[in-house]
Amino acid sequence: MSEQTTNPTYVLQGVAPLGADPVDLVLAGGVITEVRAANSPVADGETVVDGTGLVALPGLVDLHTHLREPGREDAETIVSGTRAAAVGGFTAVHAMANTTPVADTAGVVEQVWRIGRDAGWVDVHPVGAVSVGLEGHHLAEIGAMADSAARVRVFSDDGKCVWDPILMRRALEYVKAFDGVVAQHAQEPRLTEGAQMNEGVVSAELGLAGWPAVAEEAIIARDVLLAEHVGSRLHVCHLSTAGSVEIIRWAKGRGIDVTAEVTPHHLILTDELARDYDPTFKVNPPLRTAADVEAVRQGLADGTIDIVATDHAPHTREDKDCEWAAAAFGMTGLETALSVVQETMVDSGRMSWADVARVLSSAPARIGRIDEGPTAQGRPLEVGEPANVVLVDPAARRVVDGSAQATASTNTPFQGYELPGRVVATFLRGRATVLAGAPVEQVAEVRA
């Protein structure tokens, strides 16, 4: 569907693009039409958004979101998940394939794409499964998904590892033909059977089965060599250990076409949180040690890790409010990601707001190959570019309340945490999806 032409002309007055000097950004017809001096006179018919003290960023892009639909609408729907994404400052998300049915055919990915398009909160780009049913035995309909209306370019069995090196090689060879990418969930299954948390001092003290770092690192090491052999693109999902950072650093130094992501929760939380057996902190890959957290922060700061991706994983209360061993893996993250990045990377002096735009917008859009064309994401805040913009108040402080979030699930690991930053407004091609920090509920009604 195309946007209606009746959207207001917005003047984002006095905003600081990427934290630079304040200007006025004018959004009209789906693009940025002007960059004026700050607080310039406003013409008749222009709607002013007061941006004093606000940082303007390109709309955020998440390469790793679980929207649960089809199949688990009790935990999240495409509508509720994408509304949460907009509240978090996102204008595009990549919806993972581990739904029911699995997104391993053109029909399923087109269904997800169309529901997302009709909802209108963000652009939804389905991720196609690598293997049929995520079972790791036979390649899914990769070519058909790539040629579908959804134009899939990212393929992943996330939630499960493509453990078979032959199948992984074939997938890398297949996606190379249309410049796709395989996003690997790096988890050697034989090394993690029955694993409940990071293997280390805490797991030993608690008596929980450990999840060794080498289970992640061994798959990454194998796959970067396979990507080099094939000459194809590899993306590593939710990297979490110091050793993984070193392998990616080595591979990039060798010229291998590999990218990697870290989640917000792996930037700030550690395995010490498991001591109370609170299943909120049960996640895959598990929370690691403080040394691992420091390593992934450094890897993100120096560019070894390319992007931050939320791995937003909503669950019903029944799936998380139970004993640790029976609880589902996963945490929500769309509405807290930007705040965690500000806390760990910006306020600590490790990164600038321009760096934030890179790791949360331009780089994920480039990896997902959605950075070109009329619906391009991750573009700079310049005249003529699509008006995908988020305004954030970096001086704000807020206490996270999972029950008050837009997502349908409450399993945030940041319940009760005070985090910096607040998304004030989000614009998708010049159309407001969030204003004054709240969803614009009529968003779907303005679509033709």
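Residues numbered from 1 in each chain as written. Predicted model: local features only at pLDDT ≥ 70, side-chain atom pairs only at ≥ 80, totals over all residues. Heavy atoms only, no water.

**Description of the UniProt feature "binding site: Zn(2+) 1" (unreviewed entry) in the protein chain**
Under the UniProt annotation, the feature "binding site: Zn(2+) 1" (unreviewed entry) is placed at H64, H66, D158 and D311. Taken together, the annotated residues stretch across 248 residues yet fold into one region, lying no more than 9.8 Å apart by C-alpha. Its location among the elements puts H66 in the loop between β6 (60–65) and α1 (78–87). Note on H66: relative accessible area 4%, which makes it buried. Ignoring sequence-local partners within four residues, the contact set of H66 consists of M96, N98, D158, D311, H312, A313 and P314. A polar contact of 3.4 Å, which involves the side chain of H66, links it to the side chain of H64. Inspection of the secondary structure assignment puts D311 in the loop between β15 (307–308) and α9 (317–320). Given a relative accessible area of 6%, D311 falls into the buried group. Look past the residues within four positions of D311 in its chain and what remains in contact with it is H64, H66, D158, H238, T263, H265, N284 and M331. (UniProt positions renumbered as here; feature names shortened; annotations may be inferred. Helix = DSSP H or I, 4+ residues; strand = E, 2+ residues; numbered from the N terminus. Buried < 20%, exposed > 50% of the residue type's maximum accessible area, 1.4 Å probe, protein only. Contact = heavy atoms within 4.5 Å. Polar contact = N/O pair within 3.5 Å; in protein donor to acceptor, adjacent residues only side chain to side chain.)

**Re the sheet that holds strand β13 (residues 234–236)**
Strands sit in the order β9-β10-β13-β14-β15 across an open sheet of five strands; the sheet is parallel. Among the strands making up the open sheet, the edge pair consists of β9 (154–155) and β15. Here β13 runs beside strand β14 (residues 258–262); their pairing, made up of three bridges, is parallel. Residue pairing in the sheet places L234 in a bridge with V258 of β14. Contacting β9, β10 (181–184) and β13, helix α4 (residues 165–176) runs over the sheet at an angle of about 145° to β10. Of the strands in this sheet, β10, β13 and β14 touch helix α6 (residues 213–230), which is tilted by about 165° from β13. (Pairing = 2+ DSSP bridges. Axes fitted to C-alpha atoms, helices over the stretch in contact; angles between N-to-C directions.)

**With respect to the pattern of salt bridges**
Applying the stated criterion across every chain, the model contains 25 salt bridges. Salt-bridge contacts for E343 lead to R397; the nearest nitrogen and oxygen are separated by 4.0 Å. Highlighted residues: E343 in helix α10 (residues 337–346) and R397 in strand β16 (residues 389–399), separated in sequence by 54 residues. Its relative accessible area of 45% is what places R397 among the partly exposed residues. Taken together, the shared-partner salt bridges in this structure form one network comprising E34, R36 and E46. (Salt bridge = Lys/Arg side-chain N within 4 Å of Asp/Glu carboxyl O.)

**Comments concerning the UniProt feature "binding site: substrate" (unreviewed entry) in the protein chain**
Taking the numbering used here, the UniProt-annotated feature "binding site: substrate" (unreviewed entry) corresponds to H66, L67, R68, N98, N284, H315, F329 and G330. Reaching out from H66, the side chain makes a polar contact with the side chain of N98 at a distance of 3.0 Å. In this fold, N284 is placed in the loop between β14 and α8 (290–301). When its relative accessible area of 14% is taken as the criterion, N284 is described as buried.

**Some thoughts on the sheet that holds strand β8 (residues 123–126)**
Spatially, three strands are ordered β6-β7-β8 in an open sheet, and the strand pairing comes out parallel. Among the strands making up the open sheet, the edge pair consists of β6 and β8. Averaged over all neighbouring strand pairs, the angle between strand axes comes to 20°, with direction disregarded. By the bridge criterion, four bridges tie strand β7 (residues 90–95) to β8 in an arrangement that is parallel.

**Considering the packing of α6 against helix α7 (residues 242–253)**
Direction vectors running N to C along α6 and α7 enclose 10°, while the axes themselves pass 9 Å from each other. Judged on the interaxial angle alone, α7 and α6 are roughly parallel. Contacts from E216, E217, I220, A221, V224 and L225 of α6 reach α7 at G243, S244, I247, I248, W250 and A251. A class-by-class count of the residues in the contact of α6 with α7 yields eight nonpolar, two polar and two charged. (Parallel < 35°, antiparallel > 145°, perpendicular 65-115°, else oblique. Nonpolar A, V, L, I, M, F, W, Y, C, P; charged D, E, K, R; others polar.)

**Notes on the packing of aromatic side chains**
All chains considered together, the criterion is met by four aromatic pairs. Ring geometry for W211 against F329: centres 5.8 Å apart, planes inclined by 75°, an arrangement best described as edge-to-face. Remark: F329 occurs in the loop between α9 and α10 and W211 occurs in strand β12 (residues 210–211); sequence separation between them is 118 residues. Its relative accessible area of 29% is what places F329 among the partly exposed residues. Considering the side-chain rings of F414 and Y417, the 5.5 Å spacing of their centres and the 85° angle between planes classify their relative orientation as edge-to-face. Residue classification places Y417 among the partly exposed positions, given a relative accessible area of 26%. Geometry around F329 places K282 over its ring, the cationic atom sitting 4.6 Å from the centre. (Phe/Tyr/Trp six-rings, centres within 6.5 Å; stacked < 30°, edge-to-face > 60°. Lys NZ or Arg CZ within 6 Å of the ring centre and 35° of its normal.)

**Remarks on the domain arrangement of the protein chain**
With domains assigned, the protein chain is organised as domain 1 (3–56 + 383–439) and domain 2 (58–367). For domain 1 and domain 2, the distance between their C-alpha centres works out to 26 Å. Listed as interface residues are 34 residues of domain 1 and, on the opposing side, 45 residues of domain 2. Note on domain 1 versus domain 2: buried area summed over both sides is about 3100 Å², and carbon and sulfur give 60% of it. Three residues, N411, P413 and F414, lead the burial of domain 1 against domain 2; their summed loss comes to 19% of the area buried on that side. Summed over the shared surface of domain 1 and domain 2, the result is two salt bridges. At the boundary of domain 1 with domain 2, the tally comes to 19 residue pairs in polar contact (both at pLDDT 80 or more). Breaking the side of domain 1 that touches domain 2 down by element, the ones donating at least two residues are β16, β17 (418–428) and β18 (431–435). Among the elements that take part in the side of domain 1 that touches domain 2, β17 stands out by supplying seven residues, more than any other. Considering only residue class, the side of domain 1 that touches domain 2 consists of 19 nonpolar, 11 polar and four charged. (Domains from an automatic or database assignment. Buried area = accessible area lost by both parts, 1.4 Å probe.)

**Quick look at the side chain of R288**
Its place among the elements puts R288 in the loop between β14 and α8. R288 sits in the buried class, given a relative accessible area of 1%. Here the side chain of R288 touches N198 through a polar contact of 2.8 Å, side chain to side chain. Contact partners of R288, with chain neighbours within four places excluded, come to N198, W211, P212, A213, E216, S240, T241, L269, T270 and D271.

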